[in-house]
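# Structural features, examined
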There are 2 protein chains.
Amino acid sequence: MKNNTRHWVVLGGGGFVGTNLCRRLTRAGVQVVAFGRSSGFPDALRGCRWVSGDFFNTDDLAAVLENAEYVVHAISTVTPAKSNELPIKDVEENLIGSLRLIHLCIAKGVKRLIVLSSGGTVYGPDVAVPTQEDATNHPLCSYGVVKLAVEKYLAIYRHQGLLDSVVLRVANPYGPYQQPKGQGVIAATVQKILLSQPAEIWGDGTVTRDYIYIDDVVDAIMAAARLDDDSAPRLYNIGSGIGRTINEVIDSLCKIHGPIEVLRQPGRTLDVPVSVLSIHRAQQFLGWTPRTDWQEGLSATYGWFSEHWLNR
Amino acid sequence: MKNNTRHWVVLGGGGFVGTNLCRRLTRAGVQVVAFGRSSGFPDALRGCRWVSGDFFNTDDLAAVLENAEYVVHAISTVTPAKSNELPIKDVEENLIGSLRLIHLCIAKGVKRLIVLSSGGTVYGPDVAVPTQEDATNHPLCSYGVVKLAVEKYLAIYRHQGLLDSVVLRVANPYGPYQQPKGQGVIAATVQKILLSQPAEIWGDGTVTRDYIYIDDVVDAIMAAARLDDDSAPRLYNIGSGIGRTINEVIDSLCKIHGPIEVLRQPGRTLDVPVSVLSIHRAQQFLGWTPRTDWQEGLSATYGWFSEHWLNR
């Protein structure tokens, strides 16, 4: 790649969202640099330039941001579930890491930084459902606090005219390339089913989430890059707008797989009972809407896991 | 002091709020440990136990928290005005420092942690005035982002039943022992007047703030310690509930001092135009209300600066 060619940089390009985004960009003929510690599926990133590096190493990051036009920040070093055990690590790595990234994007003249935030953790339990972007924020885990703080810093740098950015508060994404451990209940459940192990349900199965197929999330990221209205909001919920209980998820998977054995586990204090996002703002300003049918997305996910995961 | 005696610990005991609080507690016969890097007015802390230490040194902090019943956190290593130049330092010192403090309070069995937050910076420019506690948060400076993040972490630890805490979002306090540099426009202005230098006004003098006399802030901290309703909110605005422009402040000071020369400076982007707090929640749940008349508080401040500051 020539030094003067503008391109996209996907931080966390080896992860779930990153891998899907890099594949779409490459198919669209966009030059992409995928940056991360390691890629779960290196073959999936053919056509991208893969750069191995550490998000916390300013030199690694500075090198990869050279001539970047759009930068997508899809790195988190902790999961929501683990973040309350390690809040200081979470702040040191993900908040300070994001601040360093912001400063580098300013120095390198990046056109727009697109940051993936967390629709499932930033609002907390006491909000109206479906939840709008201006609802109050009472996160129950460090992960949500750090995401919120990153959002607030981005708003300050926009206010000062130093860096344009768009924040996407993504609900619960699912689909190909998701890691079954720690990333999402659908990936974990599909994997258990395929391994003929019982699916785990935390609590009574009524915990309700807004599941969104990964292709729709990638659509939203592309739309966030295209946004050319300077006065448009810079913070968007990205979800399906529809709540489903984990019992419904299991039920829908039964339609694909047949009978599923379930193991019930006690509920967790960091799980809000219901999380469903209002997506009207994104529909209005990004011209985006989720286009994947629930049962079809689930079938595609199940199909991908049966083909790729079991035979790795 | 015996090791098994419960007492108050005031972190930042040598600062503006801390010094006033320690004096009040000592007068009330409470055993107080005042902790900080240094005290601006060591004579003012007679009757307290003064401990010199570094907030970021976990050993220093752990030693001082032994047997503490109430801990007041009134330390910040950056000012709002300077925080946007040093956001990483702000996070490292004030957010991670506060997390370490929370963990130590849990380990030491502290009864309640009372944290001073910032009514002037956490809300931002787009809120209804007077501003209620549940308004949206769009801080314009790192100082406000960090204060918000600390509040969110405190809420998580309360939610988990690990540590009780009360957050006071203090407006613009003024009064004796305030530092004229970087802490408050009233202290800075009174000092300039007494030094026969022109008072500085940023912008056109219409920037509006909610000034509250320090004795009323100390009252609120005492009330926050007494709060015994488990279901009461744990986050309170502490202000006068009344907005005054800087032009009004100068006008009120003229009534005390006589004519005042003014030097106009350009406005700053981190100044919200209007910041006035709604104090109904604190009045309802803390049984607290500001009791100091504006002109009397200003006269007392002017009197204190003429007596103490000029003759140091």
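Residues numbered from 1 in each chain as written. Chains lettered and ligands numbered in written order. Predicted model: local features only at pLDDT ≥ 70, side-chain atom pairs only at ≥ 80, totals over all residues.

So, on to the confidence of the model for chain A. Taken over all residues, the pLDDT of chain A has a mean of 94, while the share at 70 or more is 97%. ipTM for the predicted complex: 0.94, alongside a pTM of 0.95. (pLDDT = per-residue confidence, 0-100.)

So, about the packing of helix α4 (residues 87–108) of chain A against helix α5 (residues 142–159) of chain A. All names here are of chain A. It is the contact of α4 with α5, at a shortest axis distance of 10 Å, that shows an interaxial angle of 20°. It follows from the interaxial angle that α4 and α5 lie roughly parallel. Considering the relative orientation of α4 and α5, their crossing is right-handed. Of α5, the residues touching α4 (which contributes Pro 87, Asp 90, Val 91, Asn 94, Leu 95, Ser 98, Leu 99 and Ile 102) are Ser 142, Tyr 143, Val 146, Ala 149, Val 150, Tyr 153, Leu 154 and Tyr 157. (Axes fitted to C-alpha atoms, helices over the stretch in contact; angles between N-to-C directions. Helix = DSSP H or I, 4+ residues; strand = E, 2+ residues; numbered from the N terminus. Parallel < 35°, antiparallel > 145°, perpendicular 65-115°, else oblique. Left-handed = near helix turned anticlockwise from the far one by under 90°. Contact = placed C-beta atoms within 7 Å.)

To continue, consider the relation of the copies chain A and chain B. Take chain A, turn it by 180°, move it 0.0 Å along the axis, and it overlays chain B with an RMSD of 0.0 Å. Expressed as a symmetry operation, the mapping of one chain copy onto the other fits a two-fold axis. A shared interface surface links the copies, since 100% of the contact residues of chain A are contact residues in chain B too. (Least-squares fit on C-alpha atoms with pLDDT ≥ 70 in both.)

The next thing to look at is unusual backbone geometry. The omega torsion across Val 129 of chain A and Pro 130 of chain A is -5°, close enough to zero to call that bond cis. Assignment of secondary structure puts Pro 130 of chain A in the loop between β5 (112–118) and α5. Positioned with a positive phi, Tyr 177 of chain A is a non-glycine residue whose angle comes to about 75°. Tracing the chain through its elements places Tyr 177 of chain A in the loop between β7 (172–174) and α6 (185–194). On the neighbour-count criterion, Tyr 177 of chain A (24 C-beta atoms within 10 Å) is buried. The phi dihedral of Ser 196 of chain B falls on the positive side, at around 60°, and the residue is not glycine. (Buried ≥ 20, exposed ≤ 12 C-beta atoms within 10 Å, placed from the backbone.)

This next bit is on the interface of chain A and chain B. At the interface, 24 residues of chain A touch 24 residues of chain B. Of all the secondary structure elements, the ones that give two or more residues to the side of chain A that touches chain B are α4 and α5 of chain A. At eight residues, α5 of chain A tops the list of elements feeding residues into the side of chain A that touches chain B. Residue composition of the side of chain A that touches chain B, by class: 15 nonpolar, six polar and three charged. (Nonpolar A, V, L, I, M, F, W, Y, C, P; charged D, E, K, R; others polar.)

Residue and element names in this part refer to chain B. With 22 residues, helix α4 (residues 87–108) ought to run about 32 Å at 1.5 Å a step, and its terminal C-alpha atoms sit 30 Å apart, in line with that. Residues of α4 that are buried: Pro 87, Asp 90, Val 91, Asn 94, Leu 95, Gly 97, Ser 98, Leu 99, Leu 101, Ile 102 and Cys 105. Two residues or fewer after α4 comes Gly 109, characterised by a positive phi angle close to 70°. (Expected span 1.5 Å × (residues − 1).)

Moving on to the sheet that holds strand β4 (residues 68–73) of chain A. All names here are of chain A. If you walk across this open sheet you meet the seven strands as β3-β2-β1-β4-β5-β6-β11, and the pairing is parallel. For this open sheet the edge positions go to β3 (49–52) and β11 (235–238), each flanked by a neighbour on one side alone. Adjacent strand axes in the sheet meet at a mean angle of 20° when their direction is disregarded. The sheet contact formed by strand β1 (residues 7–11) and strand β2 (residues 32–36) spans four bridges and is parallel. Residue pairing in the sheet places Val 10 in a bridge with Ala 34 of β2. Against the sheet, helix α1 (residues 16–27) makes contact with β1, β2, β4 and β5, and its axis sits at roughly 165° relative to β2, the strand it touches most. (Pairing = 2+ DSSP bridges.)

Residues and elements named next belong to chain A. Here His 257 shows up in helix α8 (residues 246–257). Taking the C-alpha atoms as reference, His 257 lies 9.3 Å from Val 190; in sequence the two are 67 residues apart. When near neighbours in sequence (up to four residues on either side) are disregarded, His 257 contacts Ile 193 and Tyr 302.

Attention shifts here to the pairing of β2 of chain A. Residues and elements named next belong to chain A. Counting buried residues in β2 gives five out of five residues, a clear majority hidden from the surface. By the alternation rule, side chains of β2 split into Val 32, Ala 34 and Gly 36 and Val 33 and Phe 35, which are all buried. Tracing the backbone out of β1, into α1 and back to the parallel element β2 gives a crossover that is right-handed. Across four bridges, β2 lies against β3 in parallel orientation. Its bridge partner being in β3, Phe 35 is matched across the sheet by Val 51. (Right-handed = clockwise from strand over helix to strand, strands pointing away.)

Another point: helix α6 (residues 185–194) of chain B. Residues and elements named next belong to chain B. Residues of α6 that are buried: Val 185, Ile 186, Ala 187, Thr 189, Val 190 and Ile 193. Packing partners of the buried residues in α6 comprise β7 (172–174), β8 (199–202), β10 (211–213), α8 (246–257) and α10 (294–309). Backbone geometry just downstream of α6 places Ser 196 in the positive-phi region, at approximately 60°.

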